[in-house]
Each structure stands twice: as C-alpha cells, then as structure tokens.
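What follows is each chain in one-letter form.
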Amino acid sequence: MRHENGEWMLHGTEASDPLRIRDPEGLIAYVEQAGFLPLFQNEIPGFSVEEHTLAADWWTGDPERDPWEWRSIAARSHRVAYGKFFSGKAGFLSLEWLPLFVNHRRDGYDFDSLYEAGKAGHRERQIMELFTEGASLFSWQIRQLLDTGKSPEGALTRLQMQLYLVTEDFQQRLSKQSVPYGMSAARYCTPEKLWGYEAVTAAYGESPADSYDRIRQQILKRYPDASDRAIRRICP
C-alpha cells in the first residue's frame, strides 16, 4: 500500500493469478510455505500479502474475502505468528521460522538482560513487567495499567520487532452490558505463552548472525533481485 496522488492505494493481483491467496486457510498455508511475509507492499516486489490478494476485497468486512479480516483469523489460529515484525509494520512468521527471528532480533538477550545492558528503555520494561505471569492484554489495558496517559504503541512496536511480544488475537471491547462495540483491537502476549519456551528459543544454539543469514537467504531464494539494502530495511 502506497501513498499516491494524495491517496493510499493498494496494489493487488489479478483474479486469474494462480498464486492468489483466496481465503484465511490459503494465507496460513502461504506463510507456512514462504516462512514469513509482510502484510503490505514494500521495497521487495511480491513480498507481501497485499500483492497476492485482490485490492477490491480489502476492508469489505467479509471474513471470507477480506485480507484485513484474515489477519485476525490467522493470528487467532496460533498456527503462525502475527505482529509488527517488518520495520515496525505488520506481517506473519511461520512457526518454523519464528525461532530464527527470535534469535536474531533478541541477539542473545532475555528481556531483563536487555534492559540491564541499557538496550531497552524504561517504557518497555514497564510493559514487559505486565506480562511476567503469562498475561494477555490489549493496548488500551496496558495504557490503563501504566496509568501515564501516554500511548504505549511505540514501545509495543519495538517489543514486537524484538519478538518479546506478538499479537495473540483481535477482539472488540465490551460495554458494561457485555455488548461488543467499536473496532477490533490487538491483544498481546509473549510468544512463549503461545508456543512454549523451548519452541520459541529453538535457534538459540546458533549465533544471531547465522540466523539472520538464513533469513536473508530465504528472501533471496524467493526474490533473487532483492538488494541487501532492501532486505536490511524490511528485516532489520
């Protein structure tokens, strides 16, 4: 999705495209095959959900057609990881490739060690302390618990980029009468809560640099014309 002539424009594929993603199950299968996939168009042509779906289907609200709805279904399935993993923008990781991203992005640190080394801010620490007991929280709940009046979104994005948090689900808020209202909001948790410590840290036996090189090679395998600069920008 790009800003063109004052408007945001989607760049989808043709209905006849044999590689078109047609439904939520197809999206999950595509991510499992590709290993990882941003949600929206970026510097590497073809490397997004957007470019493998019909532009006209987005934001229709139909869960059978709308890729925006599919992201909720895919996240809720827990068969893939969803979050802001690609330069602070949303996308998916297969469970096979999740440990490599964890190993590369965490760079050998659990969160407490990261904070003690001065590589994470006080805001991030405040948020992670809310998840020490396997909690699952919406951003609006995090904001209430921190009681600062400031949005936690920037810190939440950084924690997702470092794979300390992922999106577990999307849900609407409930009124006092328990009636859903408003737009669906992301609910966050640690990846360890969903898939277990051993599965999430399965690549800790190799260096973070080796994990990154495997990620880079996977991109080049599917998109051989991708430049090192583009890869670094999208998968830092």
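Placed above this text is the structure.
Residues numbered from 1 in each chain as written. Predicted model: local features only at pLDDT ≥ 70, side-chain atom pairs only at ≥ 80, totals over all residues. Heavy atoms only, no water.

**So, the overall build of the protein**
Moving on, step 1. Helix and strand content of the protein: eleven helices and eight strands.
Moving on, step 2. A globule of 236 residues ought to have a C-alpha radius of gyration of about 18 Å, and the protein, at 18 Å, matches this closely.
Moving on, step 3. Counting only C-alpha atoms and orienting by the principal axes, one finds that the protein spans roughly 50 × 50 × 35 Å.
Moving on, step 4. Considering only residue pairs separated by 6 or more positions, the protein has 61% of its internal contacts joining residues 24 or more positions apart. (Helix = DSSP H or I, 4+ residues; strand = E, 2+ residues; numbered from the N terminus. Rg over C-alpha atoms; globule rule 2.2 N^0.38 Å. Contact = heavy atoms within 4.5 Å.)

**Observations regarding helix α5 (residues 122–129)**
Moving on, step 1. Listed in full, the buried residues belonging to α5 are R123, E124, I127 and M128. Each buried residue of α5 lies within a common arc of 130° when the element is viewed along its axis, so the set occupies one face. (Buried < 20%, exposed > 50% of the residue type's maximum accessible area, 1.4 Å probe, protein only. Arc of directions from axis to C-beta.)

**With respect to the pairing of strand β4 (residues 80–86)**
Moving on, step 1. Judged by how many residues are buried, β4 sits mostly within the fold: six of seven residues are covered.
Moving on, step 2. Strand direction decides the pairing type here: β4 and strand β5 (residues 89–94), joined by five bridges, are antiparallel. Residue pairing across strands places Y82 opposite F92, the latter belonging to β5.
Moving on, step 3. Count of turn residues in the β4/β5 antiparallel hairpin: two residues, of which S87 carries a positive phi of about 50°. (Pairing = 2+ DSSP bridges.)

**Some remarks on the side chain of T13**
Moving on, step 1. Its place among the elements puts T13 in the loop between β2 (7–9) and α1 (24–34).
Moving on, step 2. At 2.6 Å, the side chain of T13 and the side chain of D17 are in polar contact.
Moving on, step 3. Setting aside anything within four residues of it in sequence, one finds T13 in contact with R20, E50, E51, H52, T53 and L54. (Polar contact = N/O pair within 3.5 Å; in protein donor to acceptor, adjacent residues only side chain to side chain.)

**Concerning the side chain of Q218**
Moving on, step 1. Positionally, Q218 belongs in helix α10 (residues 208–222).
Moving on, step 2. Here Q218 is in contact with Q33, A34, F36 and W97, once residues within four sequence places are set aside.

**Brief notes about the packing of α1 against helix α2 (residues 67–77)**
Moving on, step 1. Where α1 contacts α2, the two axes come as close as 9 Å, and the packing angle between them is 60°. By the angle class used here, α1 and α2 are oblique. α1 and α2 meet at a crossing whose hand is right-handed. Where α1 abuts α2, its residues P24, L27 and I28 lie against W70, I73, A74 and S77.
Moving on, step 2. Residues that form the contact of α1 with α2 fall into these classes: six nonpolar, one polar and no charged. (Axes fitted to C-alpha atoms, helices over the stretch in contact; angles between N-to-C directions. Parallel < 35°, antiparallel > 145°, perpendicular 65-115°, else oblique. Left-handed = near helix turned anticlockwise from the far one by under 90°. Nonpolar A, V, L, I, M, F, W, Y, C, P; charged D, E, K, R; others polar.)

**A closer look at α1**
Moving on, step 1. Among all positions in α1, only P24, L27, I28, Y30, V31 and A34 are buried. Take α1 and look down its axis: the buried residues cluster within an arc of 160°, on one side only.
Moving on, step 2. Taken together, the buried residues of α1 touch β3 (36–38), α2, β4, β5 and α10.

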